[in-house]
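Now for the letters of each chain:
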Amino acid sequence: MQGEFPDFRLGSVLATSFTGTLSERHGGGVERIPVPRRLVDWLAVSGLAVGSCTSAQLDVARELRESIHAAATAAAIQEALPASAVRIINDRSARGRAAAVLTPGGERLWRLGPASAVEDALGVIAADAISVIAGERDGRLALCASPTCRAAFFDTSRSRTRTWCDMNTCGNRQKKARFNARRRQSPGTAADS
């Protein structure tokens, strides 16, 4: 089933990776969690495995995703956070009752309640968003320079000057477009020989 859907764009920050489940927001828009099963898949690869998800839970997840995106975008451009987005993020964080557990190997895992697994997973994502947006982590929120993407991402590079949400997608696409434009402007280059 996974092959019929676009690949996930995973990053190292849970909250901004979650907002990436809708990409190319200013272009054609690519929905990467179009059905409940796909949200289950994304949560599993993000360390928040749940058994199932309803259509209503998917709607709640998308509402949280868009709220995180709106708040992270505002924070990245140093504008006031939208009150409705803050309310939704806080509400989802408060409803989740996941427990962080330490494995014998020294890794953190999340224990989700059997009766509220999706709600607990969304609570973890909301809490992560709060941590990032509140500036509690070493890094900075930024917006992708791709005019069709403009995704919020968390830049942890040493210089904090990253331009693209993902170099393998947006970055390469923009570099290729610039290269092709230069080639068209200067015929007779070595590439044309």
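Residues numbered from 1 in each chain as written. Predicted model: local features only at pLDDT ≥ 70, side-chain atom pairs only at ≥ 80, totals over all residues. Heavy atoms only, no water.

## What about the confidence of the model for the chain?
In the predicted model, the chain carries a mean pLDDT of 88, and the fraction of residues at 70 or more is 90%. Here helix H6 (residues 167–185) stands out as the least confident element of the chain, with mean pLDDT 71; helix H4 (residues 83–95) is the most confident, with 98. (pLDDT = per-residue confidence, 0-100. Helix = DSSP H or I, 4+ residues; strand = E, 2+ residues; numbered from the N terminus.)

## Points about the nonpolar core
Core analysis: the largest hydrophobic core is formed by 36 residues, its most contacted members being Phe-18 and Ile-125. Taken together, the elements giving at least two residues each to this core come down to helix H1 (14–19), helix H2 (36–45), helix H3 (55–76), H4, helix H5 (117–133), strand E5 (140–143) and strand E6 (152–155). Looking at which element gives the most residues to this core, the answer is H5, with ten residues. Filtering out sequence-adjacent residues up to four positions away, Ile-125 remains in contact with Leu-14, Ala-15, Phe-18, Trp-42, Leu-43, Leu-48, Leu-64 and Ile-68. Core analysis: the next-biggest nonpolar cluster, separate from the first, contains eight residues, Cys-144, Trp-164, Cys-165 and Cys-170 among them. (Core = buried A, V, L, I, M, F, W, Y, C linked by side-chain atoms within 4.5 Å. Buried < 20%, exposed > 50% of the residue type's maximum accessible area, 1.4 Å probe, protein only. Contact = heavy atoms within 4.5 Å.)

## Let's talk about the layout of surface pockets
Computed from the structure, the largest pocket encloses a volume of approximately 320 Å³. Taken together, 21 residues make up the lining of the largest pocket; nearest its centre are Gly-11, Ser-17, Phe-153, Arg-162 and Cys-165. Listed by contribution, the elements that provide at least two residues to the lining of the largest pocket are H1, strand E1 (22–23) and E6. Split into classes, the residues belonging to the lining of the largest pocket amount to nine nonpolar, eight polar and four charged. Of the pockets and cavities examined, the second largest pocket occupies roughly 250 Å³. For the second largest pocket, the lining is made up of 13 residues, of which Leu-14, Ser-46, Arg-108, Trp-110 and Val-124 are closest to its centre. (1 Å grid on protein atoms, 1.4 Å probe; cavity = no way out; pocket = protein on both sides within 12 Å on 5 of 7 lines; lining within 4 Å. Points joined across faces, edges and corners; volume = space filled by probe spheres on them. Nonpolar A, V, L, I, M, F, W, Y, C, P; charged D, E, K, R; others polar.)

## Focus: the environment of Arg-37
If you trace the backbone, Arg-37 turns up in helix H2. For Arg-37, a relative accessible area of 42% gives the class partly exposed. Each C-alpha atom, one on Arg-37 and one on Thr-54, is 8.5 Å from the other, the two residues being 17 residues apart in sequence.

## Some details on the side chain of Asp-120
Note on placement: Asp-120 falls in helix H5. Buried and without a salt bridge, Asp-120 has Arg-97 as its closest oppositely charged side chain, separated by 6.1 Å. Looking at Asp-120, its side chain comes within polar contact range of the main-chain nitrogen of Arg-97, at 2.9 Å. When near neighbours in sequence (up to four residues on either side) are disregarded, Asp-120 contacts Arg-95, Gly-96, Arg-97, Ala-98, Leu-112 and Gly-113. (Lys, Arg positive; Asp, Glu negative; His and termini not counted. Salt bridge = Lys/Arg side-chain N within 4 Å of Asp/Glu carboxyl O. Polar contact = N/O pair within 3.5 Å; in protein donor to acceptor, adjacent residues only side chain to side chain.)

## Observations regarding the pattern of salt bridges
Side chains that carry opposite charge are capable of pairing whenever their charged atoms lie near each other. Overall, the coordinates contain eleven salt bridges when judged by the stated rule. Linking Arg-95 and Asp-91 is a salt bridge whose minimum nitrogen-to-oxygen distance equals 2.9 Å. Separated by four residues within a single helix, Arg-95 and Asp-91 lie in helix H4, roughly one turn from each other. Taking the relative accessible area as the measure of exposure, Arg-95 reaches 38% and is therefore partly exposed. By relative accessible area, which is 31% here, Asp-91 ends up partly exposed. Where Asp-128 meets Arg-137, a salt bridge forms, and the shortest distance between an N and an O atom there is 1.9 Å. On the basis of relative accessible area, Asp-128 is assigned to the buried category, the value being 11%. Residues joined in a network through salt bridges with shared partners are Arg-25, Glu-31, Arg-62, Arg-65 and Glu-66.

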